[in-house]
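# Summary of the model geometry
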Amino acid sequence: MKISVSILGTELINLKSVLQSLDPQVVDYIHLDIMDGNFVPQLSFGESIANEIARATKIPLDVHLMVADPEKEVPKYFEMQPSIISFHIEATHAPLRLAQLIRSKNILAGIALSPGTPLESVEPLLEEIDLVLLMSVEPGYYGQSFLETSILRAQKRKSMIDKSTDKSTDRSTDRNTDKNIDKKNIIIEIDGGISAKNIARVKSAGVDLAVSASYCFSTPDINSNVKKLKA
Ligand code: DX5
Ligand code: ZN
């Protein structure tokens, strides 16, 4: 199980020291929650702060765009060369084209699904995406409680992916830049309310990558909290 630490858990003013304190041997990704005050009520930060973060760390970046009009927003995050860019399927009418564009930049393309969005909606896209980001809270705020239905959603999503990858053995995977995750599979990422209480069940459900903000920042030693989640 890999962990993506969401910096929403810290105040922006402390960001530099927080980034410097993260151990690249422990923290697999830094998760950047981009909120536009439109697709979700809150506003977080945009590409200029994201670029500063990219310059301040060597840990791979996992960009989660909670924005309306992702066609316009996605290209702003190419320059910082993140490992992953995920956008919400609820926010776009052209998910295939957008996923192809992200992959053409050697970045993993992720589709994010809010808790109420049917899992089947990503089915037609599986050939063109690298990751499915299942929200386990409603997008927009950190510190919410984990929605238990997410376990079942992860299990179902996993078996749907397994079935479809069985069918198409020639899936082109050479654009996948993450050497640490099995290239044949579509990565399942979960986001929201992750803690030491639910991480084992999340892992058993087939999740590869879990995002955490409030649990990781619940005490000053973020690396040790990430280790607890991994244990
Ligand atoms: C929610 C964000 C999450 C959030 C996770 O809109 O996408 O990444 O920061 O925070 P916790 O771990 O506190 O639920
Ligand atoms: Zn997120």
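So, here's what we can say about the structure.

Calculation criteria
- Residues numbered from 1 in each chain as written.
- Chains lettered and ligands numbered in written order.
- Predicted model: local features only at pLDDT ≥ 70, side-chain atom pairs only at ≥ 80, totals over all residues.
- Heavy atoms only, no water.
- Buried < 20%, exposed > 50% of the residue type's maximum accessible area, 1.4 Å probe, protein only.
- Helix = DSSP H or I, 4+ residues; strand = E, 2+ residues; numbered from the N terminus.
- Arc of directions from axis to C-beta.
- Contact = heavy atoms within 4.5 Å.
- Pairing = 2+ DSSP bridges.
- Right-handed = clockwise from strand over helix to strand, strands pointing away.
- Near = heavy atom within 4 Å.
- Polar contact = N/O pair within 3.5 Å; in protein donor to acceptor, adjacent residues only side chain to side chain.
- 1 Å grid on protein atoms, 1.4 Å probe; cavity = no way out; pocket = protein on both sides within 12 Å on 5 of 7 lines; lining within 4 Å.
- Sits in = over half its atoms within 2 Å of the grid points.
- Nonpolar A, V, L, I, M, F, W, Y, C, P; charged D, E, K, R; others polar.

This part is about helix α7 (residues 222–230). Residues separated by three or four positions in an α-helix point in the same direction, a consequence of the helix having 3.6 residues per turn. Among all positions of α7, only Ile 222, Asn 223, Asn 225, Val 226 and Leu 229 are buried. For α7, the arc enclosing every buried residue in end-on projection is 160°, short of the 170-degree limit, so these residues lie on one face. Elements in contact with the buried residues of α7: β1 (2–6), α1 (15–21), α6 (199–204) and β8 (209–212).

With respect to burial, strand β2 (residues 29–35) is a largely interior element, seven of its seven residues being buried. Residues of β2 alternate between two faces, with Tyr 29, His 31, Asp 33 and Met 35 on one and Ile 30, Leu 32 and Ile 34 on the opposite face, all of them buried. In terms of strand pairing, β1 meets β2 through three bridges, oriented parallel. In the sheet register, Ser 4 faces β2, and the bridge partner there is Tyr 29. Where the polypeptide runs from β1 across α1 and back to β2, its parallel neighbour, the crossover connection is right-handed. Alignment of β2 against strand β3 (residues 61–66), held across six bridges, turns out to be parallel. The residue of β3 that forms the bridge with Asp 33 is His 64. Since β2 and β3 lie parallel, the crossover through helix α2 (residues 47–56) that links them has a hand, and here it is right-handed.

Taken together, 19 residues sit near ligand 1, with Asp 33, Gly 140, Asp 191, Gly 193 and Ser 214 positioned nearest. Between ligand 1 and Ser 6 there is a distance of 3.2 Å, counted from an oxygen atom to a side-chain nitrogen or oxygen. Between ligand 1 and Gly 193, the relevant distance is 2.7 Å, taken from an oxygen atom to a main-chain nitrogen or oxygen of the residue. Most atoms of ligand 1, that is more than half of them, are within 2 Å of grid points of the largest cavity. Mapped by element, the contributors of at least two residues to the shell around ligand 1 are β2, β3 and β8. Here the residues of the shell around ligand 1 sort into eight nonpolar, nine polar and two charged.

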